Amino acid sequence: MKLLNKIIRKVSGAEVAQITAGGIGDGKANESIVPLLRKAGADGCVLLKNDNKVLPFTPDDNVAIFGRVQNDWFFVGNGSGGDVIVPYRTSLIDAIEAEKPFKVNEELKEIYKNWSEKHKVDPGFWAHWPRFYPEMPISKKDVARFSKESNKAVVIVGRSAGEDRENVLEKGSFYLTDKEIKLLDEVCESFEKVVLILNIGSVIDFERIAAYGDKISSILIVWQGGMESGNSVCDVLSGKVNPSGKLTDTIARKYEYYPSADCFGNKDSNNYTEDIYVGYRYFETFKPDRVLYEFGFGLSYTDFEINCTNAEYKDGKVSVKASVKNIGSLAGREVLQLYCEAPQGKLGKATRSLVGFAKTPLIAPGEEETVTITADEYTLSSYDDTGAAGNKSCYVLESGEYSFLLGVSSKNCEKVFGFTLEEDKVIKTLTEQMAVSEASRFVRMVPKCEDGKIKLSYNSVPARTVDLKAKILANLPEGTGLTGDKGYKLQDVKDGKVSLDEFVAQLSLDELELITRGEGMMDSKLGAKGNAGAIGGVSESLRDKGIPPVTTTDGPSGIRLLATCSLLPCGTLLACTWDTALVEELCSEVAKEMVEKGSDILLAPGMNIHRNPLCGRNFEYFSEDPLVSGKIAAAYVKGIQSQGVSACPKHFACNNQEYNRIHTDAVVSERALREIYLKGFEICVKEAKPKNIMTSYNKINGVWSHYNYELCTDVLRGEWGYEGSVMTDWWMRYAPSPEFPDVNGNAYRVRAQVDVLMPGAKTAISKSAESDGTLLETYGKEEGITLGEMQRSAKNVLRMCMDLKM
């Protein structure tokens, strides 16, 4: 989405500045959500290291806290996903001062506070927000002096990125600055017990951090925890909350080791040469020695003993039951992770893939809980996009031994069960979708078995064989003849008095055009002030027929309006809780705020895969793993939609970089699309049934997502059974259809069954919200847009409107 200050309805400059950069509202928080925000912020913290149990701090500890971020906290990333007018923001120092769970060096605290007040942070502007804040200089002599007054030290490093604002391979973004390194050097030289806190939205460089070795006792990633950040982190540091977060990404030893490092950030296109080998799938299969902290890793202040008590493969499902006993001295929670090692077969596979997980409740010392994890055959299967296994366009379980490993990370797991398939088993038969063109073919990573070992090799991605034009023409929907206004109201459809087809037949061509786009611009007069736009009843004639206007608002870190709303932890933090129940409960409270504030659709969750650590919007997204992404997203959607409003998962699909995002082409195999980049959306759609979905700006294999028939009609609706409405991200790229050159712009979009152009006007600087004429210009012409196609999209929108407003 673009910035909100390009609007039709005039608002004051102060209001625009507040909403485009976030801000502090009236101080009144939704009391029911605050404990959940605080809990989520703490439960998503990931403890990477804790030598000699330096953490948690005790009331007797005197802690010297270094780093300006203690005052100038990064509460969330930037852009439409984070700019929320919050009731308050609590930094770490705010929380410590309020609760005093341990002593801090007061002189040092005041030095930093005074310096920060004199050196205010420049908040920047759209796509030019600061990625870091310049660090306060401090002398080696002073650091040494504070070490004689305090027995432990904390160094805080902060980072941010955002929409249209990529992380970069520079100091102050992916890498530590010279001043940060100098500060760490001096603190580590003077203090024996040093805690490094990372207030970040996505993974940064750990090569330099690892070089400190045992000079840094503890490392805690606290992510960006929203308005309750400080309280959450304080709870973990003091031991009030035992950290239970687990990484949802692999931390490699250096950037160059990530499998997408050489094919990310290109202006025009990126070949996804790593194919299905994203994150831990790559490292576990080909380069396990290049990992510093593995996927799923995270320490606790206590210890657990895990024993598998039962495992079976029955009725197409694997079920593993385990007991988890707390054998330490503090109450805590653990995340059990189930991985599958499948036979390489003819398709080749990651040596280890996550197929299920579960988080325990809080377990007291000496107590134990029982956890059950299940995985169906579809989750275990692989997609054959070449026919190599003899079942092209099918999900297949290849013959051989399937082993299941239970543990607490992708490395720290043990085999607890296995079974052998004597012959291949087809799990799901599909059809080829979105394969690369012949001209765009590239080579992808594949495993090659030599002397009993798996080595990295490459082969060519298969090209598409399907005639898209013929497929579209063969599946054009039948229309219902226009009847003129019969006096039917949409409520009559809801009440069962008339059919939806009968109601839609009343709509004129102009009304069909209106209902397939938003009201015009952001901050629509039809909704709450500061909204992202309105859809549905966007004209007087549509409203006369009982079609209500439906208001959209930006997310996912809160409701972006000119009103005070809660600021949530970033998406990565929520995912690192591995707690679907907590995410659902939290989002249910967000939904109550939506009802109160006048938001019908929250444009969230963001759920693209963490393909590369430099993506600017990784903070919004969940994981490198599609199962984690899908499960957390489904919980998010269920929570939002529990109160009668709608979520809108985004960005469908492959929005994996921000640089040139409206033009860049994600060139990716059909197998990687299905197993990695679409899988999370599939899980979310099937489990949570979102009422709306937003397409991405980018192209996928040469086709913009908002024109992608195979993505939005064949896969989303045909294969997954989606029944909701699909909208564009804000404004689209105008282009003719290669298959139907006269079909352009909105007709091309509606033919793909992308139902609504948002926010409705042609461009962000349009002076008018009038029709651009592209939907109807080929109506009635050979191979032009048809009545049935327009009515189909109208019905998708109207079903959504009835669900939300009636």
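Calculation criteria
Residues numbered from 1 in each chain as written. Predicted model: local features only at pLDDT ≥ 70, side-chain atom pairs only at ≥ 80, totals over all residues. Heavy atoms only, no water. Helix = DSSP H or I, 4+ residues; strand = E, 2+ residues; numbered from the N terminus. Rg over C-alpha atoms; globule rule 2.2 N^0.38 Å. Buried < 20%, exposed > 50% of the residue type's maximum accessible area, 1.4 Å probe, protein only. Areas by Shrake-Rupley, 256 points an atom, 1.4 Å probe, with all protein chains shown as cover. Lys, Arg positive; Asp, Glu negative; His and termini not counted. Charge placed at Lys NZ, Arg CZ, Asp CG, Glu CD. Right-handed = clockwise from strand over helix to strand, strands pointing away. pLDDT = per-residue confidence, 0-100. Contact = heavy atoms within 4.5 Å. Pairing = 2+ DSSP bridges. Axes fitted to C-alpha atoms, helices over the stretch in contact; angles between N-to-C directions. Salt bridge = Lys/Arg side-chain N within 4 Å of Asp/Glu carboxyl O. Patch = residues over 30% accessible without salt bridge, like charges linked within 9 Å, V, L, I, M, F, W, Y side chains within 5 Å. Phe/Tyr/Trp six-rings, centres within 6.5 Å; stacked < 30°, edge-to-face > 60°. Lys NZ or Arg CZ within 6 Å of the ring centre and 35° of its normal. Arc of directions from axis to C-beta. Polar contact = N/O pair within 3.5 Å; in protein donor to acceptor, adjacent residues only side chain to side chain. Parallel < 35°, antiparallel > 145°, perpendicular 65-115°, else oblique.

(A) Layout of the overall build of the protein. Along the backbone of the protein there are 23 helices and 32 strands. The globule rule puts the C-alpha radius of gyration for 806 residues at 28 Å, and the 27 Å found for the protein is close to it. When the backbone C-alpha atoms are referred to their principal axes, the protein occupies close to 85 × 70 × 45 Å. When the 806 residues of the protein are sorted by exposure, 65% land in the buried category. When the accessible surface of the protein is split by element, carbon and sulfur atoms take 47% of a total near 27,800 Å². On the protein, the mean spot of the 97 positive side-chain charges and the mean spot of the 113 negative ones are 2 Å from each other.

(B) Molecular detail of unusual backbone geometry. Of note, the bond from Gly 555 into Pro 556 is cis; its omega dihedral lies within 30 degrees of zero at 15 degrees. Inspection of the secondary structure puts Pro 556 in the loop between strand E25 (549–554) and helix H16 (571–576). That bond from Met 758 to Pro 759 is cis: its omega, 0 degrees, falls within 30 degrees of zero. One can find Pro 759 in the loop between helix H22 (745–751) and helix H23 (787–805).

(C) Up close: the pairing of strand E6 (residues 152–158). Taking burial as the measure, the 7 residues of E6 include 7 buried ones, the bulk of the element. Residues of E6 alternate between two faces, with Lys 152, Val 154, Ile 156 and Gly 158 on one and Ala 153, Val 155 and Val 157 on the opposite face, all of them buried. Between E6 and its parallel partner strand E7 (residues 194–199), the chain crosses via helix H6 (residues 178–190), and the hand of that crossover is right-handed.

(D) Representation of the confidence of the model for the protein within the structure. Mean pLDDT over the protein: 95, with 97% of residues reaching 70 or higher. Overall, residues 2–21 carries pLDDT values under 50, and its contacts beyond four positions in sequence, including any with other chains, amount to 51 contacts.

(E) Highlighting the sheet that holds strand E31 (residues 703–704). Reading across from one edge, E10-E28-E30-E31 is the order of the 4 strands in this open sheet, with mixed pairing throughout. Edge positions in the open sheet fall to strand E10 (269–271) and E31, since each of these has one partner strand only. Relative to strand E30 (residues 699–700), strand E28 (residues 665–667) runs parallel, the two being bridged by 2 bridges. Counterpart to Ala 666 in the pairing with E30 is Ile 700.

(F) Structural detail: the pairing of strand E18 (residues 394–397). Where burial is concerned, the two faces of E18 agree: the one with Cys 394 and Val 396 and the one with Tyr 395 and Leu 397 are both buried. Two elements, strand E17 (residues 382–384) and E18, share 3 bridges in a ladder whose sense is antiparallel. Bridge pairing in E18 links Asp 384 to Cys 394. In this sheet, strand E21 (residues 425–429) lies alongside E18 in antiparallel orientation, the contact comprising 4 bridges. When the bridges of E21 are listed, Cys 394 appears paired with Thr 429.

(G) Summary view of the environment of Arg 674. Mapped onto the elements, Arg 674 comes out in helix H19 (residues 670–677). Looking at Arg 674, the relative accessible area reads 6%, which means it is buried. Taking C-alpha positions, Arg 674 is 30 Å from Gly 518, a pair spaced 156 residues apart along the chain. Setting aside residues up to four positions removed in sequence, Arg 674 forms contacts with Tyr 383, Tyr 395, Leu 430, Thr 431, Gln 433, Lys 679, Val 715 and Glu 719.

(H) Seen up close, H19. Among the 8 residues in H19, 8 count as buried, and that is most of the element. Listing the buried residues of H19 in full gives Glu 670, Arg 671, Ala 672, Leu 673, Arg 674, Glu 675, Ile 676 and Tyr 677.

(I) Expanded view of the sheet that holds strand E13 (residues 317–326). Here we have 3 strands laid out as an open sheet, ordered E12-E13-E16, and antiparallel in their pairing. Strand pairing shows two members of the sheet lacking a second neighbour, strand E12 (304–314) and strand E16 (368–376), which therefore form its edges. Taking the axes of each pair of neighbouring strands and ignoring which way they run, one obtains an average angle of 20 degrees across the sheet. As paired elements, E13 and E16 share 9 bridges and run antiparallel to each other. Along E16, the bridge assignment pairs Val 318 with Ala 375.

(J) Spotlight on the pattern of salt bridges. The final tally for this structure, using the stated rule, is 59 salt bridges. The residue Glu 106 makes a salt bridge to Lys 109 at a minimum N-O spacing of 2.8 Å. Separated by 3 residues within a single helix, Glu 106 and Lys 109 lie in helix H4 (residues 106–118), roughly one turn from each other. A relative accessible area of 44% means that Glu 106 is categorised as partly exposed. What makes Lys 109 buried here is its relative accessible area of 9%. Salt bridges here are not isolated pairs; linked through shared partners, they connect Glu 163, Asp 164, Arg 617, Glu 620, Glu 658 and Arg 661.

(K) Just a nonpolar patch on the surface, in detail. Together, Val 443, Leu 456 and Tyr 458 make up a nonpolar patch on the protein surface, roughly 260 Å² of accessible area in all. By the element assignment, Leu 456 lies in strand E23 (residues 453–460).

(L) Spatial organisation of the packing of aromatic side chains. Taken as a whole and assessed by the stated rule, the structure comprises 28 aromatic pairs. Between Tyr 313 and Phe 419, the aromatic rings sit 3.8 Å apart at their centres with planes inclined by 10 degrees, giving stacked as the arrangement. Of this pair, Tyr 313 sits in strand E12 while Phe 419 is found in strand E20 (residues 413–421), placing the two residues 106 residues apart along the sequence. Taking the relative accessible area as the measure of exposure, Phe 419 reaches 9% and is therefore buried. Every member of this aromatic cluster is reached through a ring pair, and the members are Phe 174, Tyr 175, Tyr 255, Tyr 258, Tyr 277, Tyr 282, Phe 283 and Phe 286. We note Lys 699 situated over the ring of Trp 704; from NZ or CZ to the ring centre the distance is 4.4 Å.

(M) Summary view of the side chain of Thr 553. With respect to the helices and strands, Thr 553 occurs in strand E25. Relative accessible area serves as the criterion here: at 0%, Thr 553 is assigned to the buried category. Excluding anything up to four places from it in sequence, Thr 553 contacts Asn 531, Ala 532, Ile 559, Arg 560, Leu 561, Ser 599, Ile 601, Leu 602 and Leu 603.

(N) Spotlight on helix H3 (residues 92–99). Burial in H3 covers these residues: Leu 92, Ile 93, Ala 95 and Ile 96. The arc that holds the buried residues of H3, viewed along the axis, is 160 degrees, so those residues lie on one side. For H3, the secondary structure elements touched by its buried residues are strand E3 (62–66), strand E5 (103–104), H4, E6, E7 and helix H8 (229–238). Note on H3: the residue one or two positions beyond its end, Lys 100, has a positive phi of about 50 degrees.

(O) Summary view of the environment of Glu 166. In this structure, Glu 166 sits in the loop between E6 and H6. As a C-alpha pair, Glu 166 and Leu 561 span 395 residues in sequence and 25 Å in three-dimensional space. The contact partners of Glu 166, leaving out residues within four places of it in the chain, are Arg 131, Ala 161, Phe 264, Leu 614, Cys 615, Gly 616, Gln 657, Glu 658 and Tyr 659. For Glu 166, the side chain forms a polar contact with the main-chain nitrogen of Gly 616, separated by 2.7 Å. Side-chain polar atoms of Glu 166 contact the backbone nitrogen of Tyr 659, separated by 2.8 Å.

(P) Up close: the packing of H19 against helix H20 (residues 679–688). Relative to each other, H19 and H20 sit at 50 degrees, their axes nearing to 5 Å. Comparing the axis directions of H19 and H20 gives the class oblique. Together, Leu 673, Arg 674, Glu 675, Ile 676 and Tyr 677 of H19 and Lys 679, Gly 680 and Phe 681 of H20 make up the contact between the two elements.

(Q) Spatial organisation of the environment of Arg 543. Looking at where Arg 543 falls in the secondary structure, it is placed in helix H15 (residues 540–544). Look at Arg 543 and you get partly exposed, because its relative accessible area is 34%. With 53 residues separating them in the primary sequence, Arg 543 and Leu 490 have C-alpha atoms 9.5 Å apart. Discounting chain neighbours no more than four positions away, the residues touching Arg 543 are Leu 526, Gly 537, Val 538 and Pro 549. One polar contact links the side chain of Arg 543 to the main-chain carbonyl oxygen of Gly 537, over a distance of 3.0 Å.

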